[in-house]
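Commentary on secondary and tertiary structure
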Amino acid sequence: MRLKEKVVVVSGAGSGIGRQIAIEAAEEGAHVIALDVHHEGLAATAARAEGIEGAVVDVTNAEAVNETIQNTVRQFGHIDGLVHSAYWTNPKPLLETSTTDFDRTLDVVVKGAFFLGRAVIPVMLANQGGVIIPIASVHSVLGFSNFFAYQIAKAGLLGYVRSIAVDYGPSIRSVALAPGGIDTPALSDTAADVRESLAEKSLAKRIGTAHDVARAAVYLLSDESSFMTGTLLLLDGGWSAI
Ligand SMILES: NC(=O)c1ccc[n+]([C@@H]2O[C@H](COP(=O)([O-])OP(=O)(O)OC[C@H]3O[C@@H](n4cnc5c(N)ncnc54)[C@H](O)[C@@H]3O)[C@@H](O)[C@H]2O)c1
């Protein structure tokens, strides 16, 4: 029960990594407010563990984000953790990226992180502090073909955590959690041979699981990581070491 009585907001919790973080945070004793645009996905997440409440929220909608955070404060009085896992992208190189796709990628990943942080930080400052964890990626630090907007957005999250850590530490900590290839619906469309080569390229010789990421998220949300802030935690099976 490493997160007993903590209140944790998780965006993108209707699927994949966000869902698994919501479940494992709840299993560790947290009250979890799970945000997503997909109602069915949220319902499936909430059914997996006690202590998860779903809220249909688009993280690019500042008013909806503020309202949900205010409702959470009214209900619990404090918020101790924020995980921003929601994302959207249409992977393309620069010359094939439309303005609409560029804006949408940056809006969900970066502006969503901004809106969530702006709503949650005053609550954390008014209480005993808290932890803010955007889900970044190996794309935050390495270059892969066809991911122009996504790589800009995920690199931007590194500036986000440094700014929060510097401006609002020591009471608020912020760490970007940066996975490599993780087996989620986002990766399931990827051809079998590409998945095999992803596994082969990692030193762990496998694709990661949402559980691998959730375990790291629980560590970052807990007091066990109290000396860690303003940085990233790479969780890529050794991919970036090669
Ligand atoms: N799967 C991987 O291999 C991998 C690797 C590195 C990083 N990541 C990162 O992990 C995070 C989760 O990825 P995943 O694989 O679980 O993806 P996923 O597609 O399974 O889940 C993403 C969720 O975000 C939600 N979402 C999209 N736009 C939203 C919005 N505007 N407001 C609220 N929710 C919204 C979707 O509905 C979906 O439920 C992402 O930030 C992704 O960049 C994933």
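Residues numbered from 1 in each chain as written. Predicted model: local features only at pLDDT ≥ 70, side-chain atom pairs only at ≥ 80, totals over all residues. Heavy atoms only, no water.

1. Considering the overall build of the protein
Along the protein, the regular secondary structure elements total eight helices and nine strands. Its C-alpha atoms give the protein a radius of gyration of 17 Å, within 12% of the compact-globule value 18 Å for 242 residues. Viewed in the frame of its principal axes, the protein has a C-alpha envelope of about 50 × 40 × 35 Å. For the protein, the proportion of its 242 residues judged to be buried stands at 50%. Across the protein, contacts joining residues at least 24 apart in sequence account for 70% of those joining residues at least 6 apart. (Helix = DSSP H or I, 4+ residues; strand = E, 2+ residues; numbered from the N terminus. Rg over C-alpha atoms; globule rule 2.2 N^0.38 Å. Buried < 20%, exposed > 50% of the residue type's maximum accessible area, 1.4 Å probe, protein only. Contact = heavy atoms within 4.5 Å.)

2. Description of the pattern of salt bridges
Inspection of every chain in the model, using the stated rule, returns eight salt bridges. Between Asp183 and Arg195 there is a salt bridge, with the nearest N and O atoms lying 3.2 Å from each other. Placement of Asp183 in strand β7 (residues 182–183) and of Arg195 in helix α7 (residues 192–201) is noted, with a sequence separation of twelve residues between them. Note that Arg206 and Asp212 form a salt bridge whose closest N and O atoms lie 2.8 Å from each other. Residue classification places Asp212 among the buried residues on the basis of a relative accessible area of 14%. Bridged by salt links that share partners, the residues Arg2, Glu28 and Glu224 form one connected network. (Salt bridge = Lys/Arg side-chain N within 4 Å of Asp/Glu carboxyl O.)

3. Observations regarding the packing of helix α1 (residues 16–27) against helix α2 (residues 39–46)
The description of two helices packed together rests on the angle between their axes and the distance between the axes. Two numbers describe how α1 lies on α2: the axes approach to 10 Å, and their chain directions differ by 30 degrees. When the axes of α1 and α2 are compared, the pair comes out roughly parallel. Classified by chirality, the crossing of α2 by α1 is right-handed. In contact with Arg19, Ala22 and Ile23 of α1, α2 contributes Gly41, Ala44 and Thr45. Residue composition of the contact of α1 with α2, by class: three nonpolar, two polar and one charged. (Axes fitted to C-alpha atoms, helices over the stretch in contact; angles between N-to-C directions. Parallel < 35°, antiparallel > 145°, perpendicular 65-115°, else oblique. Left-handed = near helix turned anticlockwise from the far one by under 90°. Nonpolar A, V, L, I, M, F, W, Y, C, P; charged D, E, K, R; others polar.)

Without other data, these values stay purely geometric and don't point to any function.
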